[in-house]
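Analysis of the macromolecular model
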Amino acid sequence: MGPHPAVAAIRLAVRRVLHDLLTEHHRAPVAVPHALPHEPPPPPLVLVACSGGADSMALASALAFESPKLGIRAGGVTVDHGLQPGSDLRAAEVVQRLRELGLDPVDSVAVTVGRTGGPEAAARDARYAALDTAAERHGAAAVLLGHTRDDQAETVLLGLARGSGTRSLSGMAAVSGAGGRYRRPFLELDRQTARKACMVQSLPVWDDPHNADPAYTRSRLRHEGLPALEKALGKGVVEALARTAQLSRDDADALDSWASQAETTVRDAAGHLECAKLYALPPAVRRRVLRRAAIEAGAPAGSLFARHIEEIDRLITGWRGQGAINLPGKVVARRQGGRLVIRQG
């Protein structure tokens with residue numbers, strides 16, 4: 001008798017990602033210091049980011065089951081955000097659970113959460129910085145994240161509410177981060193599948209109270225917004241939003257590629273952006289060129305919103321002698337002599 005369908009589903013999702021990683025590893029093996037000539041590279045190490053919740057515990061269990069069969073080393077990382085009393089004890093419990101699954105190495109990393117961008121964004125930034133550091137310290141080929149189809153649907157709705165355009169509607173990528181470090185095997189699985197897999201395997205899970213706290217935007221969306229949409233529109237909203245994310249990602253990737261090619265044609269010999277040539281581009285392509293230029297000048301990507309790009313765009317399409325545009329990161333955009341100048345200060 002095979003495993004429970006939920007367990008089979010999470011294992012299959014992880015197996016597919018591990019196969020991809022093995023293919024990449026053999027295609028471009030990592031250089032190992034002091035390795036002997038012609039010595040085969042060591043098997044890749046894959047870490048799972050685990051909070052102790054159902055999604056990440058299901059992911060950790062699937063990684064622990066699949067990795068030995070493929071000759072992959074598997075470890076884990078839990079991040080203590082320090083935002084709740086006893087968070088250090090919770091982190092220690094997660095470490096113990098991961099070790100009981102057979103993962104090694106296992107790290108617990110304490111971080112200090114700042115205030116930039118709001119509590120949710122600040123916690124996310126601190127978490128990813130800690131995961132990056134852990135991956136680099138251990139030489140990990142990848143870090144697996146437990147985001148599900150439900151998380152993807154929420155991300156699409158949050159992007160829609162911000163009015164941030166196609167890229168924001170594309171949600172989370174299955175592969176992201178420097179060198180494709182982050183992998184999300186569960187984007188096509190729902191949250192209930194992960195929870196069911198934990199239950200049938202008797203895996204203890206921790207439910208973060210922040211996930212039910214209405215003070216957080218994502219929590220309100222999860223417990224109020226999405227249920228209201230399903231009540232009004234019927235079942236299938238989550239699946240439709242996740243499908244929208246993939247379609248939007250395909251469109252955004254194509255437009256980004258077009259913008260990258262177009263950028264070289266709208267600069268003069270000195271590298272300055274020419275307003276007349278920018279005006280001739282389709283709006284979706286032109287705005288991508290402007291966004292890239294603002295980020296290259298020092299504007300933080302996470303703080304650069306659609307309204308900022310629209311203001312810069314008006315220097316091209318609605319020029320009436322208006323003044324400079326102030327952008328995040330102390331970056332300034334202004335029109336000078338038919339050129340668009342974007343720089344700090």
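One structure accompanies this document, and this report is about it.

Cut-off values and rules
Residues numbered from 1 in each chain as written. Predicted model: local features only at pLDDT ≥ 70, side-chain atom pairs only at ≥ 80, totals over all residues. Heavy atoms only, no water. Phe/Tyr/Trp six-rings, centres within 6.5 Å; stacked < 30°, edge-to-face > 60°. Helix = DSSP H or I, 4+ residues; strand = E, 2+ residues; numbered from the N terminus. Buried < 20%, exposed > 50% of the residue type's maximum accessible area, 1.4 Å probe, protein only. Lys NZ or Arg CZ within 6 Å of the ring centre and 35° of its normal. Axes fitted to C-alpha atoms, helices over the stretch in contact; angles between N-to-C directions. Parallel < 35°, antiparallel > 145°, perpendicular 65-115°, else oblique. Left-handed = near helix turned anticlockwise from the far one by under 90°. Contact = heavy atoms within 4.5 Å. Nonpolar A, V, L, I, M, F, W, Y, C, P; charged D, E, K, R; others polar. Core = buried A, V, L, I, M, F, W, Y, C linked by side-chain atoms within 4.5 Å. 1 Å grid on protein atoms, 1.4 Å probe; cavity = no way out; pocket = protein on both sides within 12 Å on 5 of 7 lines; lining within 4 Å. Points joined across faces, edges and corners; volume = space filled by probe spheres on them.

To continue, consider the packing of aromatic side chains. Counted according to the given criterion, the structure contains 1 aromatic pair. Here the aromatic rings of tyrosine 128 and tyrosine 182 are separated by 5.1 Å at their centres, their planes lie at 90 degrees, and the arrangement is edge-to-face. Separated by 54 residues along the polypeptide, tyrosine 128 in helix H4 (residues 119–138) and tyrosine 182 in strand E6 (residues 182–183) bring together distant segments of the chain. Each member of the pair, tyrosine 128 as well as tyrosine 182, carries the same accessibility label: buried. The ring of phenylalanine 65 has arginine 11 lying over it, and the distance from NZ or CZ to the ring centre is 3.5 Å. Sitting over the face of the ring of tryptophan 206, arginine 90 holds its NZ or CZ atom 5.1 Å from the ring centroid.

For the rest of this paragraph, the subject is the packing of helix H1 (residues 5–27) against helix H2 (residues 54–70). Contact geometry of H1 with H2 gives a least axis separation of 9 Å together with a crossing angle of 50 degrees. In terms of orientation, H1 lies oblique with respect to H2. The chirality of how H1 crosses H2 is right-handed. Touching Ile10, Arg11, Val14, Arg15, Leu18, His19 and Leu22 of H1 are Ala58, Leu59, Ser61, Ala62, Leu63, Phe65, Glu66, Ser67 and Leu70, all from H2. Of the residues contributing to the contact of H1 with H2, the split by class is 10 nonpolar, 3 polar and 3 charged.

Judged by nonpolar contacts, the single largest core of 35 residues is most densely connected at Leu103 and Phe186. Only H1, strand E1 (45–49), H2, helix H3 (87–100), strand E4 (142–144) and helix H7 (191–200) provide two or more residues apiece to this core.

Moving on, we come to the layout of surface pockets. To find leftover empty space, one rolls a probe the size of a water molecule over the atoms. By volume, the second largest pocket is sized at about 570 Å³. If you go around the second largest pocket, you meet 24 residues; those closest to its centre are Ala174, Arg184, Pro185, Leu187 and Glu188. Taken together, the elements giving at least two residues each to the lining of the second largest pocket come down to H1, helix H5 (149–162) and helix H9 (237–263). For the lining of the second largest pocket, the element with the most residues is H1, which contributes 6 residues. A class-by-class count of the residues in the lining of the second largest pocket yields 13 nonpolar, 3 polar and 8 charged.

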